[in-house]
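Topology and contacts: notes
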Amino acid sequence: MSAATPPAVVDLRGPLPTGTSVLEASAGTGKTYTIAGLVTRYIAEGHARLGELLVVTFGRAATSELRTRVRERLVTARDALADPATGRGSADPVVALLADGTAAEVAERHARLTEALAGFDAATVATIHQFCQQVLQGLGIVADVDPGTELVTDLADLVAEVCDDLYLLFHCRPGSPPASFTHERARAVARAAVIEDPQAVLAPDDADRDTPADLQWRFARAVREEVERRKRRARVQGFDDLLVRVRDALDHPATGKQARERLRERYRVVLVDEFQDTDPVQWDVFRLAFHDSRDLVLIGDPKQAIYAFRGADVRAYLSAAQAATTRATLDTNWRSDTGLLAGLETVFRGAALGDPAIVVRPVRAGHAGCAVGPTADPAPVRMRVLPRAGLELKGRAQLIQVDAARRAVAADLATQVQALLEEEATIVPRGPGGAPRPLVPRDVAVLVRTKAQADLVRDVLQARGFPTVVTGTSSVFGTDAARDWVLLLEALEQPHRRRRVRRLALTPLIGSSAAELEAGGQEATDELADALRRWEDVLRRRGVAGLFAAVAQERALAARLLSLPDGERLVTDRRHVAEALHAEALESSLGIGGLLAWLRARIDEARGDLDQERSRRLDTDDAAIQVVTVHASKGLEFPVVFLPFAWDAFGGGTWERLPRSYDAVGRRVRYVGGRNGPGYAAACRAEDADSAGEELRLLYVAATRAVSRLVLWWAPSTKTQPSPLHRLLFSPDPSVAMPVNVAVPDNDGDAMSRLQAVAAGPRGGVRVEPVPAAGAGPVAAPPAPAGGVDGTLTAARLGRPVDTDWRRTSYTALTRDTHSAGAASARNRTSSGRTTRTTPPRSPAISRPRTSRPIRCPRWPRSPVAPPSARWCTPSWRRPSSRPTTRSRRCARRPDGRCSGTVGGSTRTRSPRHWCPRCARRWGRWPTGVRSATSRAATCSPNSTSSCRWPAATSWTATCGSGRWPGCWTSTCPPATAWPATPRPFATRSSPGSRCAAT
């Protein structure tokens, strides 16, 4: 079927799809709704039981939503069929169809739906990778997979290891040629060949021997082969390996037929959602298993194929569409208003988005009225045109310098947002019983292409006083927060290096300014170094999460950063990195050095990091304006959408690329030979053409997020020619192939005339508006601050009751009283079974503070009374807190006191309040039963035990345990061998001068 032939329209009341069917959707036409309706019909009409249905989508979140929607649709249909007379009048076409029939037919459909819901937990609604994993497990020895193979989510570390090893082998062994490409280039080539395009053909394979292009090609092939060998040896596999091994198992010349028959016996109907995001390997899996043998329904929207950077290939969708026996389209938009759909039709004019088969078709509105009131805007799509006057111009064409154009558009965006919020517009709900409500900032979205654009918009809106939140798919490891964590870990690794300590002090984690650091001098640096030694101990005992909590508490991180305009963003990113580091430390048992290496690798790969867990999180849940990247906005909708930078072409620069293209038979090719290799320029041109088509599809995705209003900007800048909006508006006929670059009109008058001609199309709905010249229009005042009429800030009042029954706790806190009561009861029973009342003895390991709280130590019992077998911690003791009634002493491996001994090869001065680890190791356990009431004061020397003296003011003695204590200590230190390695707990501190009494 050609692109010009109108496809059939999907009718949920019509015949069910048979064979291989492609259902082409458009934005807002309800793909998930259609799938749920088809599943309900297949089950209720007896074409397949629930266990014989396979429903596949892409992404875990989409899978969860699809599973929920399918179950809800089954429940709705079952309940409606309980009363067929009412069901026949339902607005749901599937329910009305199933309720129409004889009583016996309706009863049988009702029974089938009831049975399906009873076993719904066994339904196969999965991602493509989950499905392939189930297939490999079910095929057993038919598939070439070791049963003990582990699925890993990220192979980047393995690829980096192989890359480093082979780079040394290529360039550092005797007789090897000099390095023709850098290590950084080698990392990029390895990532492209193994992670980004593992199935692509590598090029150029015809370069001259031992030229840089040939060496890079051979290096990429060697990395692929070595990674595969090491994965087999380590018994691990990635997500791409799942797909490849299932495809190979189904296509195997000896066992493939048996594998295909097993799948066909299991599934009779297969439905695949979001099929435009597929790739050739995924299509091969479904084609080999189900094409021409089972009912295979493929649902997708090629106009929203925007994930080429993740490996998706819209050509696979087009290939499946060519092989399908049936093609139909969804033609009703359930998202947008009628006027907005008319305006979009005027702007796109049936455009072909990168391929003649990917055409924007007209759709009709599923709802009447307008979602943003009180009255409908006759032109819901507005086009604002930036003039050249008053801005910096460049070149013969007198085009606006791109940075100046961006700033001017961002300023006008803020003005338009303020005008919208002051308009007192209302949101009119479409559901029954909903009441209109005022339009608030969270109803407004600004869609951008890059992180830099998002930051610019956020800064401008926040400067005007609007709450703003940024959402995108960029990695958190590409932010300053990750680099701050690198500095913190470096300082923790070597706290004696002043340069590292001072660099850390200037980060937001610590919050010192350069002036404060200079004024504090050596004392300030030493103070932070002491804190780093404490934090290192926290990291060792409690992990990165505990380290972040300690730093945040001691440095008042939240209070300090939240006072800044982008404080939520700063805190969120640093906490996100902390959680990622903590998870990696637990999973891989990493120390400081390992965490540093892992974090540096993630920062280097942040530009191409696609892990959803590493994408920057929402920094606030407040009712704020949403600044969202186009990729992150897919699947969302907003009442009002602003598109400020659709005129600004993405990309550019002169870096050495690794272009992606396709050969004559449609295979994907990845060029790794460098700019001087044969065919590099042609590969770049092919990639530019594909990217230009995807940019048009990104514009379609962004524009169709709007429910009621859409505002776009056009500017005659130095980067306007290849931009998607400019190509769309200034091409004579966008329904045919559009050139990659379209000339910009020489003057503003010609540009305005062209845009007004487009807006005057038959469908209307578009209004063209000039932006006031720079400095010509009034600057909008920021919104009035919260508080009184005079702008005075007032404290907010909590208008709801606080549920004090909910709190954060732990299992230990919940069961502490139970365990303590049980232990005390057991200890208070004599051998004859009678219970006696005794005072719980104190531990001899240390004199406790005057508090009933137990001492917090990794090896110290939580109860004040310990069993005889308790093991006490052996390092030296840190002085108690200044609040002994609320905090107890903790043991420290590295006390921060002073000692005249030599520690770690250098002489350090330590406080007499503590003992150094060297003394503790050499002389054994210190006699901790002799102690003052507030703090220990003793001097130690590594030379001899006789030099250790207890202070004269401290004359407490310890009560001996039966047969275990060597004697009663006085003011002189005992020999190192006399103190027991494991003290018994049955000893108490007696008054000065008392005698030792055996107990």
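Residues numbered from 1 in each chain as written. Predicted model: local features only at pLDDT ≥ 70, side-chain atom pairs only at ≥ 80, totals over all residues. Heavy atoms only, no water.

Details of the sheet that holds strand E10 (residues 326-329)
Taken together, the 7 strands give an open sheet; going across it, the order is E1-E10-E2-E9-E8-E3-E4, and neighbouring strands pair in parallel fashion. Two strands close off the open sheet at either side, each with one partner strand: strand E1 (8-9) and strand E4 (124-127). Taken together, the 2 bridges between E1 and E10 define a ladder with parallel strand orientation. Bridge assignment links Val 9 to a residue of E10, and that residue is Thr 329. This element, helix H2 (residues 60-81), spans strand E3 (53-57) and E4 of the sheet and lies at about 160° to E4. On top of the sheet, helix H13 (residues 314-323) reaches strand E2 (20-24), strand E9 (295-300) and E10; it is set at about 125° to E2, its chief contact. (Pairing = 2+ DSSP bridges. Helix = DSSP H or I, 4+ residues; strand = E, 2+ residues; numbered from the N terminus. Contact = heavy atoms within 4.5 Å. Axes fitted to C-alpha atoms, helices over the stretch in contact; angles between N-to-C directions.)

So, the packing of helix H15 (residues 402-421) against helix H16 (residues 451-463)
For the pair H15 and H16, interaxial distance at closest approach is 9 Å and the crossing angle is 45°. Our classification of the angle between H15 and H16 gives oblique. Seen along the crossing, H15 lies across H16 with a hand that is right-handed. Across from Arg 406, Arg 407, Ala 410, Ala 411, Leu 413, Ala 414 and Val 417 in H15, the residues of H16 making contact are Leu 456, Val 457, Val 460 and Leu 461. Across the contact of H15 with H16, the residue classes break down as 9 nonpolar, no polar and 2 charged. (Parallel < 35°, antiparallel > 145°, perpendicular 65-115°, else oblique. Left-handed = near helix turned anticlockwise from the far one by under 90°. Nonpolar A, V, L, I, M, F, W, Y, C, P; charged D, E, K, R; others polar.)

Examining helix H17 (residues 480-493)
In this model, H17 (14 residues) spans 20 Å end to end at C-alpha, consistent with the 20 Å of a helix rising 1.5 Å per residue. Counting buried positions over the 14 residues of H17 gives 11, a clear majority of the element. Buried within H17 are the following residues: Ala 481, Ala 482, Asp 484, Trp 485, Val 486, Leu 487, Leu 488, Leu 489, Glu 490, Ala 491 and Leu 492. Taken together, the buried residues of H17 touch helix H18 (498-505), helix H19 (514-554), helix H21 (567-588) and helix H22 (592-604). (Expected span 1.5 Å × (residues − 1). Buried < 20%, exposed > 50% of the residue type's maximum accessible area, 1.4 Å probe, protein only.)

Digging into the nonpolar core
Among the nonpolar cores identified, the biggest contains 126 residues, and Phe 131, Phe 286, Phe 290, Phe 642 and Leu 710 are the most heavily contacted of them. With 10 residues, the single largest contributor to this core is H15. Setting aside its immediate chain neighbours within four residues, Phe 286 contacts Val 56, Ile 128, Phe 131, Val 270, Val 272, Phe 275, His 291 and Leu 296. Of all hydrophobic cores here, the second largest spans 42 residues; its members include Phe 477, Leu 489, Leu 517 and Phe 548. (Core = buried A, V, L, I, M, F, W, Y, C linked by side-chain atoms within 4.5 Å.)

Quick notes on H19
Relative to the 60 Å expected for 41 residues at 1.5 Å per residue, H19 spans just 20 Å between its end C-alpha atoms, considerably shorter than the ideal helical length. The sharpest bend along H19 comes to roughly 135°, located at Arg 542. Ala 556 sits one or two positions beyond H19 and adopts a positive phi of about 50°. (Bend = angle between axes of the 7 residues up to and from the residue.)

Focus: the packing of aromatic side chains
Inspection of the entire model under this criterion finds 16 aromatic pairs. Here Phe 275 and Trp 283 contribute two aromatic rings whose centre-to-centre distance is 6.0 Å and whose plane-to-plane angle is 80°, an arrangement assigned as edge-to-face. Under the relative-accessibility criterion, Trp 283 is labelled buried at 5%. Through a chain of ring-to-ring contacts, the aromatic side chains of Phe 131, Tyr 267, Phe 286 and Phe 290 assemble into a single cluster. The residue whose ring lies beneath Arg 315 is Tyr 662, and the NZ or CZ to ring-centre distance is 3.8 Å. (Phe/Tyr/Trp six-rings, centres within 6.5 Å; stacked < 30°, edge-to-face > 60°. Lys NZ or Arg CZ within 6 Å of the ring centre and 35° of its normal.)

Side note on the pattern of salt bridges
Across all of its chains, the model carries 67 salt bridges by this definition. Residue Glu 65 pairs with Arg 69 through a salt bridge whose shortest N-O separation is 3.5 Å. In this pair, Glu 65 and Arg 69 both sit in helix H2, 4 residues apart, roughly one turn of the helix. With a shortest N-O distance of 2.6 Å, Asp 197 and Arg 668 are connected by a salt bridge. With a gap of 471 residues between them, Asp 197 in the loop between helix H8 (183-196) and strand E6 (201-203) and Arg 668 in strand E24 (residues 668-671) connect regions that are remote in the sequence. You can call Asp 197 buried: its relative accessible area is 2%. Through salt bridges that share partners, Arg 191, Glu 196, Asp 197, Arg 660, Arg 668 and Arg 670 make up one connected network. (Salt bridge = Lys/Arg side-chain N within 4 Å of Asp/Glu carboxyl O.)

Description of the sheet that holds strand E19 (residues 444-448)
The parallel open sheet is built from 7 strands, whose spatial order is E20-E21-E19-E22-E25-E14-E26. The sheet is open, and its two edges are formed by strand E20 (468-471) and strand E26 (766-770), each paired on a single side. For this sheet the average axis-to-axis angle between neighbouring strands, irrespective of direction, equals 20°. Here strand E14 (residues 381-385) pairs with E26 via 5 bridges, running parallel. Pairing of Arg 384 across the sheet is with Glu 769, part of E26. Across the sheet, helix H14 (residues 338-348) lies against E14, strand E25 (706-714) and E26, angled at about 35° from E25, the strand it touches most. In this fold helix H24 (residues 680-703) packs onto E19, strand E22 (638-643) and E25, with an angle of close to 140° to the strand it touches most, E22.

So, the side chain of Ser 26
Residue placement: Ser 26 occurs in the loop between E2 and helix H1 (31-44). At 3.2 Å, the side chain of Ser 26 forms a polar contact with the side chain of Lys 303. Sequence-distant contacts of Ser 26, that is, excluding residues within four places in its chain, are made with Asp 301, Lys 303, Gln 304, Leu 330, Val 363 and Tyr 700. (Polar contact = N/O pair within 3.5 Å; in protein donor to acceptor, adjacent residues only side chain to side chain.)

As for the environment of His 171
Looking at where His 171 falls in the secondary structure, it is placed in helix H7 (residues 156-171). When the C-alpha atoms of His 171 and Phe 181 are compared, they prove to be 9.6 Å apart, with 10 residues separating the residues in sequence.

Some remarks on the confidence of the model for the protein
With 76% of its residues at a pLDDT of at least 70, the protein reaches an overall mean of 79. Of the regions scoring below 50 in pLDDT, residues 785-789 engages in 7 contacts with residues more than four places distant in sequence or in other chains. Under a pLDDT of 50 for its full length, residues 918-999 has, in the predicted model, 169 contacts with residues more than four places off or in other chains. (pLDDT = per-residue confidence, 0-100.)

Topic: the side chain of Asp 273
Within the fold, Asp 273 resides in the loop between strand E8 (269-272) and helix H12 (280-290). Despite being buried, Asp 273 has no salt bridge partner; Lys 31 is the closest side chain of opposite charge, sitting 5.5 Å away. If sequence neighbours within four positions are ignored, Asp 273 has contacts with Lys 31, Thr 32, Ile 35, Val 56, Thr 57, Phe 58 and Ile 299. (Lys, Arg positive; Asp, Glu negative; His and termini not counted.)

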